[in-house]
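The chain contents come next:
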Amino acid sequence: MDSQKSLYDLIVIGAGSAGLGASIFMNKAGFKVLLIDKTEHDIGGECLNSGCVPSKALIHVSRSIHAAKKAQYFGMKISGKVDMGRVMDYVEERQNLIRNYENKDFLEQEGLEVVIGKPHFTGSHQLVLNGKSYRGKKIVIATGSRPLQLKVPGVEQVEV
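The rules we used
- Residues numbered from 1 in each chain as written.
- Predicted model: local features only at pLDDT ≥ 70, side-chain atom pairs only at ≥ 80, totals over all residues.
- Heavy atoms only, no water.
- Helix = DSSP H or I, 4+ residues; strand = E, 2+ residues; numbered from the N terminus.
- Rg over C-alpha atoms; globule rule 2.2 N^0.38 Å.
- Contact = heavy atoms within 4.5 Å.
- Areas by Shrake-Rupley, 256 points an atom, 1.4 Å probe, with all protein chains shown as cover.
- Lys, Arg positive; Asp, Glu negative; His and termini not counted.
- Charge placed at Lys NZ, Arg CZ, Asp CG, Glu CD.
- Buried < 20%, exposed > 50% of the residue type's maximum accessible area, 1.4 Å probe, protein only.
- Salt bridge = Lys/Arg side-chain N within 4 Å of Asp/Glu carboxyl O.
- Phe/Tyr/Trp six-rings, centres within 6.5 Å; stacked < 30°, edge-to-face > 60°.
- Lys NZ or Arg CZ within 6 Å of the ring centre and 35° of its normal.
- Patch = residues over 30% accessible without salt bridge, like charges linked within 9 Å, V, L, I, M, F, W, Y side chains within 5 Å.

Engineer: Sorry if this is basic, but what is going on with the overall build of the chain here?
Structural biologist: Each helix and strand counted, the chain has 5 helices and 6 strands in total. Overall, the chain shows an N-to-C arrangement of helices and strands of β-α-β-α-α-α-α-β-β-β-β. For 160 residues, the compact-globule formula gives about 15 Å, and the C-alpha radius of gyration of the chain, at 22 Å, lies well above that figure. A sequence separation of at least 24 residues applies to 61% of the contacts in the chain between residues at least 6 apart. As displayed, the chain has an accessible area near 11200 Å², and 55% of this comes from carbon and sulfur atoms. The positive charge centre, built from 21 side chains, and the negative charge centre, built from 17, are 4 Å apart in the chain.

Here you go:
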């Protein structure tokens, strides 16, 4: 393992919406920032990869199709089936527009250091990633979350 530790003002684990926001802001404010994500494809997080962006693209397509069908009321003739392959191509195009700015190379051009891998804490301000030690004055864990069922007595009596 590398015995030399790199010191950062901020280490951010997770390059989704929160992690990107924190790391980009702090970098622009002049702090030395390390951004970590487990794969290059995960940069952008759930919003880019499986949430906001693809769902909004699908909503746009469905509204367009719905509007075309409603145009029949005004005498326009519409026929054919939706080509789901082309729909998914559209979704991917929308994602790729954002990926132009949410990727390792672009973020590094902006001054961030980006490391891909799965870090392990070795202390309160220290972690190891790909055999190298990193130290941060502050570390933000922005790896997302999942809903958790409350385990509080009486919760079953209340609509949650």
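After that view of the structure, there is still more to cover.
Engineer: What exactly am I supposed to notice about unusual backbone geometry here?
Structural biologist: Negative phi is the rule for most residues except glycine; trans is the rule for most peptide bonds. Unusually for a residue other than glycine, Asn 130 sits at a positive phi of about 55 degrees. Structurally, the position occupied by Asn 130 is in the loop between strand S5 (126-129) and strand S6 (132-141). By relative accessible area, which is 58% here, Asn 130 ends up exposed.

Engineer: Is there a simple way to think about the environment of Phe 106 in this case?
Structural biologist: Looking at where Phe 106 falls in the secondary structure, it is placed in helix H5 (residues 104-109). When its relative accessible area of 23% is taken as the criterion, Phe 106 is described as partly exposed. Apart from the residues within four sequence positions on either side, Phe 106 is in contact with Asn 100 and Tyr 101.

Engineer: Explanation requested: the pattern of salt bridges in the structure shown.
Structural biologist: This structure, assessed with the given rule, holds 4 salt bridges. Ionic pairing is found between Lys 28 and Glu 110, a salt bridge with its closest N-O pair at 3.6 Å. Of this pair, Lys 28 sits in helix H1 (residues 17-28) while Glu 110 sits in the loop between H5 and strand S3 (113-116); the two residues are 82 residues apart in sequence, bridging distant segments of the chain. With relative accessibility at 60%, the residue Lys 28 sits in the exposed group. Here Arg 94 and Glu 93 are joined by a salt bridge, their closest N and O atoms 4.0 Å apart.

Engineer: Please explain the packing of aromatic side chains as it appears in this structure.
Structural biologist: Two descriptors summarise a pair of aromatic rings, namely the distance from one centre to the other and the angle between the planes of the rings. Tallied over the entire structure, the rule returns 3 aromatic pairs. Relative to Tyr 134, the ring of Tyr 8 lies with its centre 6.1 Å away and its plane at 40 degrees, an arrangement referred to as tilted. Here Tyr 8, found in strand S1 (residues 5-13), pairs with Tyr 134, found in strand S6; they are 126 residues apart in sequence, far enough to count as distant. There is no split in this pair, since Tyr 8 and Tyr 134 are both buried. The cationic tip of Lys 32 hangs over the ring face of Tyr 8; the distance from NZ or CZ to the ring centre is 4.7 Å.

Engineer: When you look at a nonpolar patch on the surface in this model, what are you seeing that I'm missing?
Structural biologist: On the surface, Leu 58, Val 82, Met 84 and Met 88 cluster together into a nonpolar patch covering about 350 Å² of accessible area. Residue placement: Leu 58 occurs in helix H3 (residues 52-70). Using a relative accessible area of 36% as the deciding quantity, one classes Leu 58 as partly exposed.

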